[in-house]
Amino acid sequence: NIRQRTRTPRREGAPVFSPNGRYVAYGGESDAQGDRDRIAVLDLYSGDERLVTTGAGLWDTWPSWFPDNERILFARRGKGIGVYEVNIDGRQDERFIIRGYMPSMGMDGRSIAYIKRSGGAIPADEVHIYDMATGTDILVPIELPEPSSFQIPRWAGPERLLVKKQAGDLHL
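Going along each chain's sequence as written, the residues are numbered from 1 onward. With the structure being a predicted model, the display of local features is reserved for residues of pLDDT at least 70 and the display and counting of side-chain atom pairs for 80 or more, all residues being used for whole-chain, interface and lining totals. The side-chain values count all of the structure's non-hydrogen atoms but skip hydrogen atoms and water molecules.

> So what about the side chain of arginine 154? Which residues, and what values?
If you trace the backbone, arginine 154 turns up in strand β13 (residues 150-155). We define a polar contact as two N or O atoms separated by no more than 3.5 Å, with the added condition that, inside protein, one atom must be a possible hydrogen donor and the other a possible acceptor, whereas residues neighbouring each other in sequence contribute only through side-chain atom pairs. Within the local environment of arginine 154, its side chain forms a polar contact with the backbone oxygen of proline 103, the two atoms lying 2.9 Å apart. Contact definition: two residues touch when any of their heavy atoms are within 4.5 Å. In this view, arginine 154 contacts Trp62, Met102, Pro103, Ser104, Arg160, Leu161 and Leu162; residues no more than four positions away in its chain are not counted. A run of DSSP states H or I qualifies as a helix once it reaches four residues; a run of E qualifies as a strand once it reaches two. Both are numbered from the N-terminal end.

> Give a description of the environment of asparagine 87 that names residues and reports values.
Along the polypeptide, asparagine 87 turns up in strand β7 (residues 80-87). Using a relative accessible area of 7% as the deciding quantity, one classes asparagine 87 as buried. Put simply, asparagine 87 and glutamate 70 are 17 residues apart on the chain and 5.8 Å apart in space, counted from C-alpha to C-alpha. Dropping the residues within four chain positions of it, asparagine 87 is found in contact with Val52, Glu70, Arg71 and Gln92. Using a 1.4 Å probe on the protein chains alone, a residue whose accessible area is under 20% of its type maximum counts as buried, one over 50% counts as exposed, and one in between counts as partly exposed.

> How would you summarise the nonpolar core if you had to cite specific residues and measurements?
By nonpolar core is meant a set of buried Ala, Val, Leu, Ile, Met, Phe, Trp, Tyr and Cys residues that side-chain atoms within 4.5 Å join together. Core analysis: the biggest nonpolar cluster contains 11 residues, these being Tyr23, Ala25, Ile39, Val41, Val52, Trp65, Ile72, Phe74, Tyr84, Val86 and Ile88. When contributions to this core are tallied by element, the ones reaching two or more residues are β2 (23-29), β3 (37-43), β6 (71-78) and β7. Once residues lying within four places of it in the same chain are set aside, the contact partners of valine 41 are Tyr23, Val24, Ala25, Asp48, Glu49, Arg50, Val52, Trp65, Ile72 and Ile88. Counting 10 residues, the second-largest nonpolar core is a separate cluster that includes Met102, Ala113, Leu161 and Val163.

> Break down the side chain of serine 111 for me, with residues and values.
Mapped onto the secondary structure, serine 111 falls in strand β10 (residues 111-117). Serine 111 sits in the buried class, given a relative accessible area of 12%. Only 2.7 Å separates the side chain of serine 111 from the side chain of aspartate 108, close enough to count as a polar contact. Leaving out residues up to four positions away in the same chain, serine 111 has contacts with Ser104, Met105, Gly106, Ile129, Tyr130 and Trp155.

> Can you explain unusual backbone geometry? Please cite residues and give values.
For asparagine 69, which is not a glycine, the phi torsion comes out positive at approximately 65 degrees. What makes asparagine 69 buried here is its relative accessible area of 15%. Although it is not a glycine, methionine 102 adopts a positive phi angle of roughly 55 degrees. Within the secondary structure, methionine 102 is located in strand β9 (residues 101-105). With relative accessibility at 8%, the residue methionine 102 sits in the buried group.

> Outline the packing of aromatic side chains, listing residues and values.
Centre distance and the angle of the planes are the two values used to describe a pair of aromatic rings. Pairing of aromatic side chains requires ring centres within 6.5 Å, counting the rings of Phe and Tyr and the six-membered ring of Trp. Pairs whose planes differ by under 30 degrees are stacked, by over 60 edge-to-face, and all others tilted. All told, the structure shown has three aromatic pairs when counted by the stated rule. For the pair tyrosine 23 and tryptophan 65, a centre-to-centre distance of 5.9 Å together with 25 degrees between the ring planes defines the contact as stacked. Here tyrosine 23, found in strand β2, pairs with tryptophan 65, found in strand β5 (residues 59-65); they are 42 residues apart in sequence, far enough to count as distant. In terms of burial, tyrosine 23 and tryptophan 65 fall into one category: buried. An aromatic cluster of three or more residues is present, and its members are Phe74, Tyr84 and Phe96. Charge over a ring is defined by NZ of Lys or CZ of Arg lying within 6 Å of the ring centre and within 35 degrees of the ring normal. For the cation-ring pair, arginine 71 lies above phenylalanine 66, with the distance from its terminal atom to the ring centre recorded as 3.9 Å. One residue, arginine 76, lies across the ring of tyrosine 84, its end atom 5.0 Å from the ring centre.

This is the structure in structure tokens:
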């Protein structure tokens, strides 16, 4: 049976289940005047729903869970674009991690796959992996005949990424 779990008339998208299956994080419109999208968390056990990001006038989207079920990565657009981290219980303000967007947390809890815009004569999106423990940022080599825009890197195992090309091609 399909049933609606959220109770707001707002637009919502990019839902992701927490690793333990208890929560769903998603991007959704805020009710506050002048606000844009926020990250919200729905507790599937209790039905409680709450916004976990707070920046006024910013656009927060693309949530991705840490393996501990207590923290979320997300992309924020406003004055620039970046990957941030937030606790779902509100005990910590959002913490900037790195410039980029569409983050995906690895199963190890420290490797973030994300998209970074290259600055060349022909700008293209690049897939990177950032190691939170060492601060190392690695470009993932993807050989295509022309510059491309990539979207939605997602981990498909401890050492395997799925990357969608904007035109719809899927690359491993």
